[in-house]
There are 2 protein chains.
Amino acid sequence: MLSRKCKYAIRAVLFLSVECKDGCKLKGGREISDSLKLPHAFTGKILQQLARQNIISSAKGPGGGFYLSDDNRKKPLIKIIEAMGDVSVFSSCGLGLSKCSDTQPCPIHDSFKTCRDELLQLFSTKTISDLSEEIVKSNLSLVR
Amino acid sequence: MLSRKCKYAIRAVLFLSVECKDGCKLKGGREISDSLKLPHAFTGKILQQLARQNIISSAKGPGGGFYLSDDNRKKPLIKIIEAMGDVSVFSSCGLGLSKCSDTQPCPIHDSFKTCRDELLQLFSTKTISDLSEEIVKSNLSLVR
DNA sequence: AAAATAAAAGTCTATTTAGTCTTTTATTCT
DNA sequence: AGAATAAAAGACTAAATAGACTTTTATTTT
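Analysis parameters
- The written sequence of each chain sets the order in which its residues are numbered from 1.
- In the order they appear in the text, chains get letters beginning with A and ligands get numbers beginning with 1.
- Residues qualify for local features only when their pLDDT is at least 70, as the model is predicted, and side-chain atom pairs are given and counted only at 80 or more; totals for whole chains, interfaces and linings, by contrast, use all residues.
- To get the side-chain values, all heavy atoms of the structure are used, and hydrogens and water are removed first.
- Note on contacts: a residue pair is in contact if any heavy atoms of the two residues lie within 4.5 Å.
- Put simply, buried area is how much 1.4 Å-probe accessible surface two parts lose in total, over both of them, once they are put together.
- Here, a salt bridge means any side-chain nitrogen of Lys or Arg that lies within 4 Å of a carboxyl oxygen of Asp or Glu.
- In the analysis that follows, any N or O atom pair within 3.5 Å is treated as a polar contact, provided that within protein one partner can donate a hydrogen and the other can accept it, and provided that, for residues neighboring in sequence, both atoms belong to side chains.
- Secondary structure elements follow DSSP: runs of H or I no shorter than four residues count as helices, runs of E no shorter than two count as strands, and numbering proceeds from the N terminus.
- Here, proximity means that at least one heavy atom of the residue falls within 4 Å of the molecule or strand.
- Charged residues are taken to be Asp, Glu, Lys and Arg, nonpolar residues to be Ala, Val, Leu, Ile, Met, Phe, Trp, Tyr, Cys and Pro, and polar residues to be all remaining types, Gly included.

(A) Molecular detail of the interface of chain B and chain A. Taken together, the 35 residues of chain B in the interface contact 34 residues of chain A. Both faces combined, the contact of chain B with chain A buries some 3000 Å², and carbon together with sulfur accounts for 71% of it. Three residues stand out in chain B for area buried against chain A, namely Leu95, Pro107 and Arg144 of chain B, and they jointly supply 21% of the buried area on that side. The tally of links between chain B and chain A comes to zero salt bridges. Our count for the chain B to chain A interface comes out at four residue pairs in polar contact (both at pLDDT 80 or more). Where the side of chain B that touches chain A is concerned, the elements lending two or more residues are α1 (4-19), α6 (109-125) and α7 (128-138) of chain B. With seven residues, α6 of chain B is the single largest residue contributor to the side of chain B that touches chain A.

(B) Fine view of the protein's contact with DNA strand C. DNA strand C sits among 26 residues. The nearest are Arg4 and Pro62 of chain A together with Gly28, Lys45 and Ser58 of chain B. One nitrogen or oxygen atom from the side chain of Arg52 of chain B is found 3.1 Å from a phosphate oxygen belonging to DNA strand C. One of the backbone N or O atoms of Gly61 of chain B is found 3.1 Å from a sugar or linking oxygen in DNA strand C. Contributions of two or more residues to the surface near DNA strand C are made by α1 (4-19) and α3 (40-52) of chain A together with α3 (40-52), β1 (57-59) and β2 (65-67) of chain B. Broken down by element, the surface near DNA strand C gets its largest block of residues, four residues, from α3 of chain B. Residues that form the surface near DNA strand C fall into these classes: nine nonpolar, ten polar and seven charged.

Here is the structure:
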């Protein structure tokens, strides 16, 4: 569905959202990748990319790291997906036709579009803070 | 969602199902890839793989090519997806966690699973002949 | 039997995605 | 100011996917 990069990104952001809550202690790239059992160098790249696109925030130097501002927390998951360049899955044809549409549908268009839209709905409505709360409340997993 | 290979495979099979109906004229690999505007060598590989796994039928020599037996037509689309090795999307976690399950869910497990299952349902119920009929009846597109 | 045809099979190349490693830049602490 | 820390940036490597090219094998037609 989503690329590995994108899934790593979502997990990293959700990790930040639950781990550095109000006291807002920063988390280093190393700690993030170690906690989530992700390849650290690759995760570093992803974190940078997220920071550059204002999905997460960062601070250099000793005591620095990544964190989420209040503004960051308000964003829906789809923003992460957009930042990672994976957003086209929610608009493209299930059989790969470039011109597939309601007026010129492929053989599975209708039912496929329904599912695709539900998924888009999910990622567009759930914000980082929404999920953060659910994770804490129901002890949901981000690792393995 | 599905790999390019898998999408090509589905389109090729559906093409065969509508193009060589009852008179059962065979279609060569070249004609298939040309009609669907797919890379011919790659399409050839895919057709072979489908034939080897009894999703489609083939005949060598002059006048030979690919076709669908009555038995082939009865199969649901998921069989094509299985043959192309893409079937895991319908069981794997939306965030890439290997241990995600109903009892140990990831943050988006429930709603993601719902969509995933709907999609699986779609591909498991629609057979090649079902879709073939719909394609003819509603003039649905397989190209572009 | 020989020629022609078309799938089967195998090897090879290109592109994309995933991932590492090294250097630079900004910040903080002594 | 200098040392240490940690992100930013860039160049590089590995693996997977997509795709091409060549040879072989089976079948049909002359």
